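Topology and contacts: notes
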Amino acid sequence: MADVEAALDQAGLTNPHVREYVRYWADLTGAERIEVVSASDDARLAEEALAAGELLPAGEGLYYSRSYHKDTARSEERTIVATSNPEDAGSYNNWRPSSEMKPLLESKMRGASAGKTMYVVPYLMAPPGSPLEAFAAGVELTDSRTVVMHMIRMARVGIDYINELADPNSFVRAVHVTGDLENLGHGTADDARYFVTVADERTILHFGSSYGGNALLGKIAHGLRQAAYDGWASGKFLSEQFMLLGITDKETGKKYHICGGFPSASGKTNLAMTLAPDALGDRYYVDFYGDDIAWLWVDENDGKLYGMNPEFGVFGVAKDTNEATNPTALDSILPGSGAIFTNIAYNPDTQEVWWEGKTKNPPEDVTGWEDWKGDKISERAEGDDSPWAHPNSRFTTTLSNVPNVAPDFNSPAGVPIDAIIFGGRTRDREPLIRAITDLAEGVYDGMTLGAEATFAAEGVDGQLRYDPMSMRPFMSYPEGAYAAHWLKIIGEATEAPLFAHVNWFQRGEDGHFLWPGYRDNLRPLLWLMQLKAGEVTGRTTPVGIIPTKEELNLDGVEITPEDLETILTIDNARWQQEIEHRDVHLSAFHDLPEEIWEAHRRVKADLEADA
Ligand code: GTP
Ligand code: SPV
Ligand code: MN
């Protein structure tokens, strides 16, 4: 058995509540050793991980890891929100009673870390000094060294964050036990994996994975699920799967901040890190704040809506990341950055890495190359053209490695929010951008966000599904209450943000994308800011204001007049069909605020009148 007291004393971990928590779980999981971690331990941990073969070298100061081949994405069916109140059950949160879940998870975790080290990872999901700091502290316990190294990149990690808490008992208890990955019955009736957030006890219990959000508990389990619940329970803030960026107009000196949600693997990282297209680069500059989570609140003093990214790093989709689509992401994973790659293709001879879309074609000389599972490309059966990298393979790097990270990304004050955008992969119907000026209609638009499924969660690609506010996998309380909480928080702001719905993914009949996307996505956002400033008026439609062709700055864009026409047109018949689906979708939510229903009926009536 581990000598818990000695390990905590040696690390100088003095918070008595944290000590008690560590003692309890060390005893239950049967870990052999306890090690308290700070960010400064990273180099030593990397050496140990390389020596143990948990990580492989991928160039100077770069690391490669593989997860178990059935453990490559979040599992939504195995993710559960538990509380003691059955009224917390919503459509998407997989609610279960905590009285059932806690004993179950304890039974799964009992003795499951025998022979292993239990790492104690104290972290903060906020810039220090943030007005939301009280909700940001946590201590992850994990039996995986690779998970620790990811946490050091993705969150602020160190014991001071929990020794010096204003309320020493106010931290999220986040327990991760990997389990015996090869014997967990993935996808069978006996699936042993459970990813549980006991929201009203601020306790996270994840068993049976070492991948991404399943295992780095500061990120989505705390940063999204727990924080959304805390924001609602306290009445103080929103926590959303949102990116956050700044746009500076160098000519006028004005700076705008936009945040917004797209479902997983739908372009948040690419948009937030974007550079202005070459033709506009002299005038506009984009600052990167965050790519996956934003916490939003109204400042009591000035009444404005503020936003901040609680994370410290990026866990970005690798596929299609290249010099043209996302040059800043490539710069953030250069030698020396400390980046960790997971589940991409790897060449142990040369320590090179590759993923689909990194270059147009895979390396021509396949000598040494292995796919994400570790199988040699040279030994592939004839005609095997399965991807070299897993479609949900990722890179992990800290925010400060991103060349266009905002100079004030660490500022506790956050940034004032000018606009909130929603978007997703939608092959038709959704135009390039439509602006919404009314709060209830904006929240309604978020609640009816629908997109094609992606590979970020286990499941099928290409199928349309609703994903309210891009929070479907992270919803921790009922959708009706969620909409009401949005109306309350944003309604308290003295200046309402502008809402908009964007879509970079409309396709032609032959499957080609109608809009070039990526860096050109800045153009519709610039139009949105001009609309807010009253410099353009757009064209009013039943589903929002859309730009005229003349208003959109298209200098240097390659798009045919027909494609442009399509992405700036409302297909009334398709929209009326969609409204029928929305009727069913919204009816599943109990206690949906009347304002949302009114917005729905208004849009429906306007579409009928416009047909
Ligand atoms: P999570 O980290 O899973 O929450 O995803 P994300 O929303 O941050 O997704 P990300 O930005 O990493 O994009 C996922 C995929 O969408 C990548 O393969 C991108 O290349 C692709 N993508 C992003 N922006 C665009 C775009 O404007 N057009 C097209 N066609 N593809 C895009
Ligand atoms: C997502 O799936 O939306 C992610 C990756 O951002 S994970 O942290 O694994 O959830
Ligand atoms: Mn995400």
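Presented here is an overview of the structure given in this document. (Residues numbered from 1 in each chain as written. Chains lettered and ligands numbered in written order. Predicted model: local features only at pLDDT ≥ 70, side-chain atom pairs only at ≥ 80, totals over all residues. Heavy atoms only, no water.)

Looking now at the site of ligand 2. Around ligand 2, the structure places 12 residues, and the nearest of them are Arg74, Gly213, Gln241, Ser264 and Asp292. Between ligand 2 and Arg74, the relevant distance is 2.9 Å, taken from an oxygen atom to a side-chain nitrogen or oxygen of the residue. Contact between ligand 2 and Gly213: an oxygen atom at 2.9 Å from a main-chain N or O atom of the residue. Mapped by element, the contributors of at least two residues to the shell around ligand 2 are α7 (212-215) and α8 (218-234). Classifying every residue of the shell around ligand 2 by side-chain character gives 4 nonpolar, 4 polar and 4 charged. (Near = heavy atom within 4 Å. Polar contact = N/O pair within 3.5 Å; in protein donor to acceptor, adjacent residues only side chain to side chain. Helix = DSSP H or I, 4+ residues; strand = E, 2+ residues; numbered from the N terminus. Nonpolar A, V, L, I, M, F, W, Y, C, P; charged D, E, K, R; others polar.)

For the manganese ion (ligand 3), the full set of protein donor atoms is Gln241 (OE1) and Asp292 (OD), and the range of their distances to it is 2.1 Å. A residue pair is termed long-range when its members are at least 10 positions apart, and Gln241 in the loop between β12 (238-240) and β13 (243-249) and Asp292 in the loop between β15 (284-290) and β16 (294-298) qualify at 51 residues. Of the two residues, Gln241 and Asp292, neither departs from the other in class, the shared state being buried. (Donors = N, O, S within 2.8 Å, 3.2 Å for Na, K, Ca; no water. Buried < 20%, exposed > 50% of the residue type's maximum accessible area, 1.4 Å probe, protein only.)

Extensive coverage of strand β11 (residues 203-207) is indicated by the burial of 5 of its 5 residues. What you see with β11 is no split at all: Thr203, Leu205 and Phe207 on one side and Ile204 and His206 on the other are buried throughout. Sheet topology places strand β9 (residues 172-177) next to β11; 5 bridges connect them, and they run parallel. Opposite Val177, over in β11, you have Phe207 as the bridge partner. Sheet topology places strand β10 (residues 194-198) next to β11; 5 bridges connect them, and they run antiparallel. Looking at the pairing, Val198 lines up with Thr203 of β11. Counting the residues between successive antiparallel strands, the hairpin from β10 to β11 contains 4 residues, one of them, Arg202, with a positive phi of roughly 50°. (Pairing = 2+ DSSP bridges.)

Our next topic: the site of ligand 1. As a structural note, the neighbourhood of ligand 1 is formed by 23 residues, with Ala265, Lys268, Thr269, Arg394 and Tyr518 the closest of them. A distance of 2.8 Å separates an oxygen atom of ligand 1 from a polar side-chain atom of Lys268. Here an oxygen atom of ligand 1 sits 2.7 Å away from a polar atom, N or O, in the side chain of Thr269. Out of a free accessible area of 660 Å², ligand 1 has 95% covered by protein chains. Elements supplying a minimum of two residues to the shell around ligand 1: α9 (268-272) and β18 (313-317). For the shell around ligand 1, a count of residues per class yields 9 nonpolar, 8 polar and 6 charged. (Areas by Shrake-Rupley, 256 points an atom, 1.4 Å probe, with all protein chains shown as cover.)

Moving on: helix α15 (residues 572-587). Its 16 residues give α15 an end-to-end C-alpha distance of 23 Å, which sits within 8% of 22 Å, the value for a rise of 1.5 Å per residue. All buried positions along α15 are accounted for by Asn572, Trp575, Glu578, Ile579, Arg582, His585 and Leu586. (Expected span 1.5 Å × (residues − 1).)

Now for empty space enclosed by the protein. Tallying each qualifying case throughout the model produces 6 cavities of 30 Å³ or more. A volume near 90 Å³ is recorded for the largest cavity. If you go around the largest cavity, you meet 13 residues; those closest to its centre are Tyr289, Met308, Asn309, Asp408 and Phe409. A class-by-class count of the residues in the lining of the largest cavity yields 6 nonpolar, 4 polar and 3 charged. (1 Å grid on protein atoms, 1.4 Å probe; cavity = no way out; pocket = protein on both sides within 12 Å on 5 of 7 lines; lining within 4 Å. Points joined across faces, edges and corners; volume = space filled by probe spheres on them.)

Once that is clear, we can look at the packing of aromatic side chains. Here the structure, examined in full by the defined rule, presents 21 aromatic pairs. With a centroid separation of 6.1 Å and 75° between ring planes, the pair formed by Tyr92 and Phe589 is classed as edge-to-face. With Tyr92 in the loop between β4 (79-83) and β5 (95-97) and Phe589 in the loop between α15 and α16 (594-610), the pair connects residues that are 497 residues apart, well separated along the chain. Ring plane angle 45° and centroid distance 5.6 Å describe the contact between Tyr477 and Tyr482, whose orientation is recorded as tilted. Looking at Tyr477, the relative accessible area reads 2%, which means it is buried. With relative accessibility at 1%, the residue Tyr482 sits in the buried group. Here a set of aromatic residues connected by ring pairs shows up, and it is made of Tyr229, Trp232, Tyr477 and Tyr482. Here Lys358 stacks its cationic end above the ring of Trp355, 5.3 Å away from the centre of that ring. (Phe/Tyr/Trp six-rings, centres within 6.5 Å; stacked < 30°, edge-to-face > 60°. Lys NZ or Arg CZ within 6 Å of the ring centre and 35° of its normal.)

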